[in-house]
Amino acid sequence: MSDAAARAIPAVTLAPMTPEIYDAWVGRTIAEYAEEHVQAGNWAREGSLDRARAQFEELLPDGLATADQHLWSIRDPEGRGVGILWVGPRPRVERALFIWDIAIEPAQRGRGLGQAALEALHAWAREQGYERVNLHVFGSNEVARRLYRRTGYVETDVQMEKRL
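Criteria and cut-off values
- Residues numbered from 1 in each chain as written.
- Predicted model: local features only at pLDDT ≥ 70, side-chain atom pairs only at ≥ 80, totals over all residues.
- Heavy atoms only, no water.
- Pairing = 2+ DSSP bridges.
- Helix = DSSP H or I, 4+ residues; strand = E, 2+ residues; numbered from the N terminus.
- Right-handed = clockwise from strand over helix to strand, strands pointing away.
- Axes fitted to C-alpha atoms, helices over the stretch in contact; angles between N-to-C directions.
- Contact = heavy atoms within 4.5 Å.
- Phe/Tyr/Trp six-rings, centres within 6.5 Å; stacked < 30°, edge-to-face > 60°.
- Buried < 20%, exposed > 50% of the residue type's maximum accessible area, 1.4 Å probe, protein only.
- Expected span 1.5 Å × (residues − 1).
- Core = buried A, V, L, I, M, F, W, Y, C linked by side-chain atoms within 4.5 Å.

Asker: Whenever I open this one, the pairing of strand S5 (residues 132–135) confuses me. Can you help?
Answerer: In this sheet, S5 lies alongside strand S4 (residues 96–104) in parallel orientation, the contact comprising 4 bridges. Among the inter-strand pairings, Ile99 is bridged to a residue of S5, identified as Leu135. The parallel pair S4 and S5, bridged by helix H4 (residues 113–127), forms a crossover whose chirality is right-handed.

Asker: What should I look at first to understand the sheet that holds S5 in this one?
Answerer: What links the strands of a sheet is backbone hydrogen bonding, and the strands pair in either a parallel or an antiparallel sense. Taken together, the 5 strands give an open sheet; going across it, the order is S1-S2-S3-S4-S5, and neighbouring strands pair in mixed fashion. In the strand order of this sheet, the two ends are held by strand S1 (13–16) and S5, each with one partner. Strand-to-strand twist across the sheet, computed as the mean angle between neighbouring axes with direction ignored, equals 35°. Where S1 and strand S2 (residues 70–75) come together, 4 bridges link them in antiparallel fashion. When the sheet's bridge partners are listed, Thr13 is paired in S2 with Arg75. The sheet strands contacting helix H2 (residues 19–40) are S2, strand S3 (81–89) and S4, and the helix crosses S2 at an angle near 100°.

Asker: Teacher, can you tell me more about the pairing of S2 here?
Answerer: Alignment of S2 against S3, held across 6 bridges, turns out to be antiparallel. Residue pairing for S3: Leu71 is matched across the bridge by Trp86. The loop that links S2 with its antiparallel partner S3 comprises 5 residues; one of these, Gly79, has a positive phi angle of about 90°.

Asker: Explain the packing of aromatic side chains to me, please; I cannot follow it from the model alone.
Answerer: Pairs of aromatic rings are described using the distance from one ring centre to the other and the angle between the two planes. All chains considered together, the criterion is met by 11 aromatic pairs. Measuring from ring centre to ring centre gives 6.1 Å for Trp25 and Phe56, while their planes differ by 55°; the resulting arrangement is tilted. In this pair, Trp25 is assigned in helix H2 and Phe56 in helix H3 (residues 48–59), connecting sequence segments 31 residues apart. You can call Trp25 buried: its relative accessible area is 1%. Members of the aromatic cluster, joined through ring pairs, are Tyr22, Trp25, Tyr33, Trp43, Phe56, Trp86, Phe98 and Trp100.

Asker: Just to check I follow, could you spell out H2 for this structure?
Answerer: Every α-helix carries 3.6 residues per turn, so stepping three or four residues along brings you back to the same face. With 22 residues, H2 ought to run about 32 Å at 1.5 Å a step, and its terminal C-alpha atoms sit 31 Å apart, in line with that. Three or more residues of H2 are buried, namely Tyr22, Trp25, Val26, Thr29, Ile30, Ala34, His37 and Val38. Elements in contact with the buried residues of H2: H3, S2, S3 and S4. In the stretch just after H2, Gly41 is the one whose phi turns positive, near 85°.

Asker: What exactly am I supposed to notice about H4 here?
Answerer: For H4, with 15 residues, the first-to-last C-alpha span of 21 Å sits near the 21 Å given by 1.5 Å per residue. By the burial criterion, the buried members of H4 are Leu113, Gly114, Gln115, Ala116, Ala117, Leu118, Leu121, His122, Trp124 and Ala125. Taken together, the buried residues of H4 touch S1, S2, S3, S4, S5 and helix H5 (142–150). Gly129, located one to two residues past H4, shows a positive phi value of around 90°.

Asker: Please clarify how the nonpolar core should be interpreted in this entry.
Answerer: For soluble globular proteins, the rule of thumb is that nonpolar side chains tend to be buried together. In terms of nonpolar packing, the biggest core is built from 23 residues, with Ile99 and Leu121 touching the most fellow members. Where this core is concerned, the elements lending two or more residues are S2, S3, S4, H4 and H5. Ranked by residue count, the leading element in this core is H4, at 7 residues. Look past the residues within four positions of Ile99 in its chain and what remains in contact with it is Leu85, Trp86, Val87, Leu118, Leu121, Val133, Asn134, Leu135 and Tyr153. Counting 13 residues, the second largest nonpolar core, distinct from the first, contains Val26, Ile30, Trp43 and Trp86.

Written out as structure tokens, the structure is:
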């Protein structure tokens, strides 16, 4: 296999998330989000799940039907669901899109699907008139940070701390 073939990025499609996928995703993701904040030192464990749930309810008050929010299943070239992507307009920033969540199923990672999903998102965003895409990533998530850098994202704000 040539180097170019080894680096080939698979084509993915972004399909509207079904209610079944949404229900499974939102329950799992709220718990993961709460834990990430606890691990980062942002929140105390006690109350973290309620806090995460409240943020999701604020951002997605009508679930899948929430206006201006796009919740997709990432589908590989064979049409299998391999992840999810949730985006919406960035609050208070004109023509900016915000990635609220992107995740590739653990068994599907390392195949270029995350990069392909971001490239599909970028193409869609340009067609919709967006001029930039923003996101937040926890500092400890080095795998995701490398992916974002590889697809052209740059750090615009960095918070650091030293635990004593």
